[in-house]
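Now for the letters of each chain:
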Amino acid sequence: MAEGSQEARVGLWNGFAAYGMWGLFPLFWPLLEPAGAADILANRMVWSLVAVAAMLLVRRRWEWIRPLLRQPRRLGLLALAAATVSVNWGVYIWGVNSGHVVETSLGYFINPLVTIAFGVLVLRERLRPAQWAAVGVGASAVVVLTVAYGRPPWIALTLAFSFAVYGLIKKQVGLGGAESLAVESAVLFPFALAFLLYLGLRGEGSFLAGGWGHSALLVLSGLITAVPLMCFGAAALRVPLTTLGLLQYLAPVSQFLIGVAVFHETMAPARWAGFALVWVALVVLSADALRRMRAERRRVPVPVPVAG
């Protein structure tokens, strides 16, 4: 019992660490300016492979590579996941460094609702009434925010849909977080490196031109990509999915607060109304998940002790 409690505690702290670090990302990407979003993205791809390969080397986890190479379908899905996550990373970096931190946080608030919609449309899952209500309120929020912004919140929608697609692909692949990131980074690496060499030849690259401090921060972008993922993997093994699902809101909450309190982004009343609708949808979704979890626990039969 004590060992199980210890494992759960380790998992919980790893979950807090993962989502806590992701929540602080808006403070990091502006440090890499004046590098453009494409330059930062390419560096992140290159140094992510270096970081995750080093971690796997330390942990001596290479046995999964040979079986994977004999499965072209899984390799193809991982290549598609790499393309999808590159869109997500690129839009996120551009959004943060262009003064849209609040809207990027909206993307990750909306993401659970998009994931549920994908479950219905792609996996033919059946929704409970509370889930339908949450999706409906979330859709209404997008309409309100479209009016508030004077345009569809395309940054948020791109982040939400790309991450939902990424999650759907990863579900089909069934590979661990670090291993998956290693393959995805390996797929992206040659394109990213070629782009960085191209920028260097044109004199537009920032890796060496910005000084050693700037270069070190670009290298660090790989590490801060890999470390939260490793923490997330450790949490996913030790805590229930319901707990993990509730922890995921830590990241967009932190990003939202940073956008409002640190970067002083404007929040007109209509935007507050749109965000409020999103939060209502997430409260409905979370309450339904907790209620279902308690109901399932009550249905678990209690073993009857046998005298022996």
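Just so we're clear, the structure is a prediction, and the values are computed from it rather than from any experiment. (Residues numbered from 1 in each chain as written. Predicted model: local features only at pLDDT ≥ 70, side-chain atom pairs only at ≥ 80, totals over all residues. Heavy atoms only, no water.)

Undergrad: How do you make sense of the overall build of the protein when you look at a structure like this?
TA: When helices and strands are tallied, the protein shows 13 helices and 0 strands. When its helices and strands are written in sequence order, the protein yields α-α-α-α-α-α-α-α-α-α-α-α-α. What you see for the protein is a C-alpha radius of gyration of 21 Å, in line with the 19 Å of a compact globule of 308 residues. Principal-axis analysis of the C-alpha atoms places the extent of the protein at approximately 75 × 55 × 35 Å. Within the span of the protein, comprising 308 residues, buried residues form 43% of the whole. For the protein, the share of sequence-separated contacts (at least 6 apart) that also reach a separation of at least 24 residues comes to 84%. For the protein, the computed accessible surface area is about 15,900 Å², with 70% contributed by carbon and sulfur atoms. With 24 positive and 13 negative side-chain charges, the protein shows a spacing of 9 Å between the two charge centroids. (Helix = DSSP H or I, 4+ residues; strand = E, 2+ residues; numbered from the N terminus. Rg over C-alpha atoms; globule rule 2.2 N^0.38 Å. Buried < 20%, exposed > 50% of the residue type's maximum accessible area, 1.4 Å probe, protein only. Contact = heavy atoms within 4.5 Å. Areas by Shrake-Rupley, 256 points an atom, 1.4 Å probe, with all protein chains shown as cover. Lys, Arg positive; Asp, Glu negative; His and termini not counted. Charge placed at Lys NZ, Arg CZ, Asp CG, Glu CD.)

Undergrad: Which parts of the structure should I look at to understand helix 3 (residues 37–59)?
TA: One turn of an α-helix holds 3.6 residues; hence residues three or four places apart share an orientation. The end-to-end C-alpha separation of helix 3 is 32 Å, in line with the 33 Å expected for 23 residues at 1.5 Å each. Remark: Arg 60 follows helix 3 within two positions and exhibits a positive phi of approximately 55°. (Expected span 1.5 Å × (residues − 1).)

Undergrad: Where do I start with the nonpolar core in this structure?
TA: The nonpolar side chains of a soluble globular protein tend to be buried with one another. Judged by nonpolar contacts, the single largest core of 46 residues is most densely connected at Trp 29, Trp 64, Tyr 92 and Leu 175. Per-element tally for this core: the top contributor is helix 5 (residues 72–97), with 10 residues. Each residue touching Leu 175, except ones within four places of it in the same chain, is listed here: Trp 64, Leu 68, Arg 74, Leu 78, Ser 180 and Val 183. If you look at the next biggest cluster of nonpolar residues, it comprises 27 residues, including Val 102, Phe 109, Phe 118 and Val 142. (Core = buried A, V, L, I, M, F, W, Y, C linked by side-chain atoms within 4.5 Å.)

Undergrad: How do you make sense of helix 8 (residues 154–173) when you look at a structure like this?
TA: Helix length check: helix 8 (20 residues) gives 28 Å between terminal C-alpha atoms against 28 Å at 1.5 Å per residue, within 8%. Those residues of helix 8 that sit buried are Ile 155, Ala 156, Leu 159, Ala 160, Ser 162, Ala 164, Tyr 166, Leu 168, Ile 169, Lys 170 and Val 173. Turning to helix 8, the residues buried within the fold contact helix 5, helix 6 (101–121) and helix 9 (177–201). Count one or two residues on from helix 8 and you reach Gly 174, which has phi positive near 65°.

Undergrad: What's the story with the packing of helix 3 against helix 5 in this structure? I'm lost.
TA: Between two packed helices, the angle of one axis relative to the other and the distance separating the axes together describe the packing. It is at 9 Å that the axes of helix 3 and helix 5 come closest, and there the two elements cross at 135°. Classified by the interaxial angle, the pair formed by helix 3 and helix 5 is oblique. In the packing of helix 3 onto helix 5, the handedness of the crossing is right-handed. Side by side, helix 3 and helix 5 meet where Ala 37, Ile 40, Leu 41, Arg 44, Met 45 and Ser 48 of the first sit next to Ser 86, Trp 89, Gly 90, Ile 93, Trp 94 and Asn 97 of the second. The class makeup of the residues in the contact of helix 3 with helix 5 is 7 nonpolar, 4 polar and 1 charged. (Axes fitted to C-alpha atoms, helices over the stretch in contact; angles between N-to-C directions. Parallel < 35°, antiparallel > 145°, perpendicular 65-115°, else oblique. Left-handed = near helix turned anticlockwise from the far one by under 90°. Nonpolar A, V, L, I, M, F, W, Y, C, P; charged D, E, K, R; others polar.)

Undergrad: Just checking my understanding: could you explain unusual backbone geometry for this structure?
TA: Most peptide bonds are trans, and most residues other than glycine sit at a negative phi. Along the chain, Glu 33 connects to Pro 34 via a cis peptide bond; the corresponding omega equals 15°. When you line up the elements, Pro 34 lands in the loop between helix 2 (25–28) and helix 3. Notably, His 264 is not glycine yet its phi reads approximately 55°, a positive angle. Along the chain, the position of His 264 falls in the loop between helix 12 (250–262) and helix 13 (269–299). What makes His 264 exposed here is its relative accessible area of 61%.

Undergrad: Would you mind showing me how to read a nonpolar patch on the surface here?
TA: Together, Leu 12, Trp 13, Phe 16 and Leu 250 give the surface a local cluster of nonpolar side chains, amounting to about 390 Å² of exposed area. Broken down by element, the residue count for the nonpolar patch peaks at 3 residues, all from helix 1 (residues 2–23). Inspection of the secondary structure assignment puts Leu 12 in helix 1. Since its relative accessible area comes to 33%, Leu 12 is described here as partly exposed. (Patch = residues over 30% accessible without salt bridge, like charges linked within 9 Å, V, L, I, M, F, W, Y side chains within 5 Å. Salt bridge = Lys/Arg side-chain N within 4 Å of Asp/Glu carboxyl O.)

Undergrad: Would you take a moment to explain the pattern of salt bridges for this structure?
TA: If charged atoms from side chains of opposite charge come close, those side chains can pair. A complete count under the given rule lists 5 salt bridges for this structure. Measuring nitrogen to oxygen at the nearest pair gives 2.7 Å for the salt bridge that ties Arg 151 to Glu 103. A residue pair is termed long-range when its members are at least 10 positions apart, and Arg 151 in the loop between helix 7 (129–149) and helix 8 and Glu 103 in helix 6 qualify at 48 residues. For Arg 151, a relative accessible area of 24% gives the class partly exposed. The exposure class assigned to Glu 103 is buried, which follows from its relative accessible area of 1%. Residue Asp 288 pairs with Arg 128 through a salt bridge whose shortest N-O separation is 2.7 Å. One end of the pair, Asp 288, is in helix 13; the other, Arg 128, is in the loop between helix 6 and helix 7, with 160 residues separating them in the sequence. In this structure, a network of salt bridges that share partners links the residues Arg 128, Asp 288 and Arg 291.

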